[in-house]
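Spelled out, the chains give:
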Amino acid sequence: MVNKRTKKVGITGKYGTRYGSTLRKVIRKIEVSQHATYKCVFCGKESVKRTCVGIWDCKRCKKVMAGGAYTLNTPAAVTARSTIARLRKMKDEAP
């Protein structure tokens, strides 16, 4: 059995005791989200990884997407997308 090297700090164990616990917790959330794989909107597979800041690449269908710096979809982008969808729906329903 392989022992876990860090019990609480996870990916931010590389910083040791530096920078303070609160900052390390914030960085942990960011780093976990940026290294995670996301679901591709084109092929539906969990294969989208971050290439560099804001560039997301699907390993399966080879599509390249623009997104947020740390997550594929930012909260602002989700809000804008839902607003556009609502306005399109209102336009189609109008006589």
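Just so it is clear, the model here is predicted, and its values are computed rather than measured.

1. A closer look at the overall build of the protein
When you go through the protein residue by residue, the secondary structure sums to two helices and four strands. Overall, the protein shows an N-to-C arrangement of helices and strands of α-β-β-β-β-α. Judged by the C-alpha coordinates and their principal axes, the protein covers about 65 × 30 × 25 Å. The long-range share in the protein, meaning contacts at least 24 apart out of those at least 6 apart in sequence, stands at 13%. For the protein, the exposed surface amounts to about 7800 Å²; the carbon and sulfur share of it is 59%. Measuring between centres, the 23 positive side-chain charges of the protein sit 12 Å from its 5 negative side-chain charges.

2. Quick word on helix H1 (residues 21-35)
Taking 1.5 Å of rise per residue, 15 residues should cover 21 Å, and H1 covers 21 Å from first to last C-alpha, within 8% of that figure. Every buried residue of H1 is listed here: Arg24, Glu31, Ser33 and Gln34. At its buried positions, H1 is contacted by strand E1 (38-39), strand E2 (46-52) and strand E3 (55-58).

3. Describing the environment of lysine 8
On the secondary structure map, lysine 8 appears in the segment before H1. Sequence separation between lysine 8 and lysine 25 is 17 residues; the distance between their C-alpha atoms is 9.9 Å.

4. Side note on the pairing of E2
As defined by bridge partners, E1 adjoins E2 across two bridges and the pair is classed as antiparallel. Bridge assignment links lysine 39 to a residue of E2, and that residue is glutamate 46. Connecting the antiparallel pair E1 and E2 is a turn made up of six residues, with glycine 44 showing a positive phi of about 85°. When E2 meets E3, the two strands line up antiparallel, connected through four bridges. Looking at E3, one finds that lysine 49 is bridged to aspartate 57. Adjacent in sequence and paired antiparallel, E2 and E3 are bridged by two residues, among which glycine 54 carries a positive phi angle near 80°.

5. Re the side chain of threonine 12
For threonine 12, the position within the fold is in the segment before H1. Owing to a relative accessible area of 2%, threonine 12 belongs among the buried residues under this scheme. Of the polar contacts made by the side chain of threonine 12, one reaches the backbone oxygen of valine 9; its length is 2.8 Å. Not counting chain neighbours up to four residues away, the residues in contact with threonine 12 comprise Arg24, Ile27 and Arg28.

6. Some details on a positive patch on the surface
A cluster of basic side chains, namely Lys4, Lys7, Lys8, Lys25 and Arg28, defines a positive patch on the protein surface. Along the chain, the position of lysine 7 falls in the segment before H1. Lysine 7 sits in the exposed class, given a relative accessible area of 79%.

Calculation notes
- Starting afresh in each chain, residues are numbered from 1 along the sequence in its written order.
- Per-residue local features of the predicted model are confined to residues with pLDDT of at least 70, and side-chain atom pairs are confined, for both listing and counting, to 80 or more; whole-chain, interface and lining totals are unaffected and use all residues.
- Side-chain measures were taken over the full set of non-hydrogen atoms in the model, leaving aside hydrogen atoms and water.
- Here a helix means four or more residues in a row that DSSP labels H or I, a strand means two or more in a row labelled E, and each is numbered from the N terminus.
- Any pair of residues with heavy atoms lying within 4.5 Å of one another is described as a contacting pair.
- Each accessible area value is a Shrake-Rupley result obtained with a 1.4 Å probe; residue values ignore everything except the protein chains displayed when judging cover.
- In this tally Asp and Glu are treated as negative and Lys and Arg as positive; neither His nor the chain ends contributes.
- Every charge is mapped onto a representative atom, which is NZ of Lys, CZ of Arg, CG of Asp or CD of Glu.
- Multiplying 1.5 Å by the residue count of a helix minus one yields the expected span of that helix.
- Working definition: with a 1.4 Å probe on protein chains only, accessible area under 20% of the residue-type maximum means buried, over 50% means exposed, and in between means partly exposed.
- Pairing between strands is defined by DSSP: at least two bridges between the two strands are required.
- Under this definition, polar contacts are N or O atom pairs within 3.5 Å; protein pairs additionally need one hydrogen-donor-capable and one acceptor-capable atom, and for neighbouring residues in sequence, both atoms have to be side-chain atoms.
- Patch membership requires over 30% relative accessible area and the absence of a salt bridge. Like charges are linked within 9 Å, and nonpolar side chains (Val, Leu, Ile, Met, Phe, Trp, Tyr) within 5 Å.
- Each salt bridge in this description consists of a side-chain nitrogen of Lys or Arg and a carboxyl oxygen of Asp or Glu lying within 4 Å of one another.

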